[in-house]
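Residue-level structure breakdown
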Amino acid sequence: IPIAEETKDIIPIGKLILKNACNFLKQLQAAGHDDVDISINISPVQILSKGFVEDTIEILSELNVDPTNIHFELTESVFSEDLEQINEVFGELSSYGIKSAIDDFGTAYSSLSRLRELNVDTIKIDRPFIAKINELREEATVTNDIISMAHKMELYVVAEGVETQHQYDYLRYYGADKVQGYLISMPMDADAALEFLNYWGNDA
C-alpha cells in the first residue's frame, strides 16, 4: 500500500476496490440482505485526489448502488495532516448520503473534543482500548466513557478487536452499536461472508 500511495497507483486500485465492493453489496442484496452496508478503507491519497467525490458518485450510479449503503473509513492518524481538506471531502460525501468513519480511534491525532468539527458519522474504537477491558477492573476502563461521549455527539460507535465474550458483554452493556473481531469471525472472502450471513441472518 505505501508503494501504491507513493506512485499514486492507489487511485485506480481504489476505484477497482469500490466497484468490487459495490458488486458484492448487490450480491448480498440479491440474497435478501437488504439491511447490510459496506465499509471500505480508503487512503488519504485517494480522498485528496482530484475528482474523488465525482468519480465515486459516478461509479455508484453506474452500478445502481444507493450511496447510503456505503461507508468510507479513514485511519485516525491521517487527520494530523490535511485536516481541512479531508473534512471538506467528507462533507461533500455526506451530502450524497455516504457515511464516513474514523478508523483506529483513540491512539493518534483526534480527541473527543475535536470530533464536533469533523464531518464523520462513526468512530471505530481502536483495539488497545478493547484489550484493556480484559486487563483492568471495570471502573478503571475508559472505553465506556468514549462510547457515552461519542453517543452524546450523535456518533455511531464500532468496537474493533473484540476477541472474548467478556469484552462483548461489556460493550453491549455500555451501548456500543457494533463490534468486530475474532469473536465474531476471522477475515473471510466474499463467498464465505455470504455463507456466514445466510447462516446467521439478522444475528450476524
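Details of the structure are given in the entry above.
Summary of the structure given here. This structure is a prediction, so every number in the text was calculated from the model and none was measured.

It is worth spelling out the overall build of the protein chain at this point. Counting its secondary structure elements, the protein chain contains nine helices and six strands. Relative to its length of 204 residues, the protein chain is compact, with a C-alpha radius of gyration of 17 Å against a globular reference of 17 Å. A principal-axis box enclosing the C-alpha atoms of the protein chain has dimensions of 50 × 40 × 30 Å. Buried residues in the protein chain amount to 41% of all 204 residues. When contacts within the protein chain are restricted to residue pairs at least 6 apart in sequence, those whose partners lie at least 24 apart make up 64%. Of the roughly 11500 Å² of accessible surface on the protein chain, 49% is carried by carbon and sulfur atoms. In the protein chain, the 15 positive side-chain charges and the 36 negative ones have mean positions that sit 2 Å from each other.

Nonpolar side chains tend to gather and get buried jointly when the protein is soluble and globular. In this structure, Ile70, Phe72 and Leu171 are the most contacted members of the largest nonpolar core, which totals 52 residues. Discounting residues that sit within four places of it in the chain, isoleucine 70 has contacts with Cys22, Leu25, Ile38, Ile40, Leu60, Val65, Ile98 and Lys99.

With that settled, the discussion passes to unusual backbone geometry. Its identity as a non-glycine residue notwithstanding, lysine 8 has a phi of 70 degrees, on the positive side. Counting through the fold element by element, lysine 8 comes out in the loop between α1 (2–7) and α2 (10–30). Not every positive phi belongs to a glycine, and asparagine 64 is a case in point at roughly 55 degrees. Tracing the backbone shows asparagine 64 in the loop between α4 (52–62) and β2 (70–75). Look at asparagine 64 and you get exposed, because its relative accessible area is 67%.

Let's shift gears to the pairing of strand β3 (residues 99–105). Extensive coverage of β3 is indicated by the burial of five of its seven residues. Summarising the sheet, β3 and strand β4 (residues 122–125) pair through three bridges and their orientation is parallel. Paired with alanine 101 across the strands is threonine 122, a residue of β4.

Right, let's talk about the side chain of serine 100 for a bit. Of note, serine 100 is situated in strand β3. A relative accessible area of 1% means that serine 100 is categorised as buried. Residues within four places of serine 100 in sequence aside, it is in contact with Phe72, Phe90, Leu93, Asn119, Val120, Asp121 and Thr122.

Right, let's get into the pattern of salt bridges. This model, assessed by the stated rule, comprises four salt bridges. With a shortest N-O distance of 3.0 Å, glutamate 73 and lysine 124 are connected by a salt bridge. You can see glutamate 73 sitting in strand β2 and its partner lysine 124 sitting in strand β4, a full 51 residues away along the chain. Glutamate 73 sits in the buried class, given a relative accessible area of 6%.

Once that is clear, we can look at α2. The first and last C-alpha atoms of α2 sit 30 Å apart over 21 residues, in line with the 30 Å expected at 1.5 Å per residue. Within the sequence span of α2, burial applies to Ile10, Gly14, Leu18, Ala21, Cys22, Phe24, Leu25 and Leu28. The buried residues of α2 occupy one face: seen down the axis, they fall within an arc of 165 degrees. Positive phi appears at glycine 32, one or two residues downstream of α2, with a value of about 100 degrees.

Let's shift gears to the packing of aromatic side chains. Within the structure shown, the criterion is met by five aromatic pairs. Among the aromatic side chains, those forming a connected cluster through ring pairs are Tyr170, Tyr173 and Tyr174.

Time to look at the sheet that holds β2. Here we have six strands laid out as an open sheet, ordered β1-β2-β3-β4-β5-β6, and parallel in their pairing. The open sheet has two edge strands with one neighbour each: β1 (38–41) and β6 (178–179). Here β1 pairs with β2 via four bridges, running parallel. The partner of isoleucine 40 across the bridge, within β2, is phenylalanine 72.

Rules and cut-offs
Residues numbered from 1 in each chain as written. Predicted model: local features only at pLDDT ≥ 70, side-chain atom pairs only at ≥ 80, totals over all residues. Heavy atoms only, no water. Helix = DSSP H or I, 4+ residues; strand = E, 2+ residues; numbered from the N terminus. Rg over C-alpha atoms; globule rule 2.2 N^0.38 Å. Buried < 20%, exposed > 50% of the residue type's maximum accessible area, 1.4 Å probe, protein only. Contact = heavy atoms within 4.5 Å. Areas by Shrake-Rupley, 256 points an atom, 1.4 Å probe, with all protein chains shown as cover. Lys, Arg positive; Asp, Glu negative; His and termini not counted. Charge placed at Lys NZ, Arg CZ, Asp CG, Glu CD. Core = buried A, V, L, I, M, F, W, Y, C linked by side-chain atoms within 4.5 Å. Pairing = 2+ DSSP bridges. Salt bridge = Lys/Arg side-chain N within 4 Å of Asp/Glu carboxyl O. Expected span 1.5 Å × (residues − 1). Arc of directions from axis to C-beta. Phe/Tyr/Trp six-rings, centres within 6.5 Å; stacked < 30°, edge-to-face > 60°.

Honestly, it's all geometry; don't read function into it.
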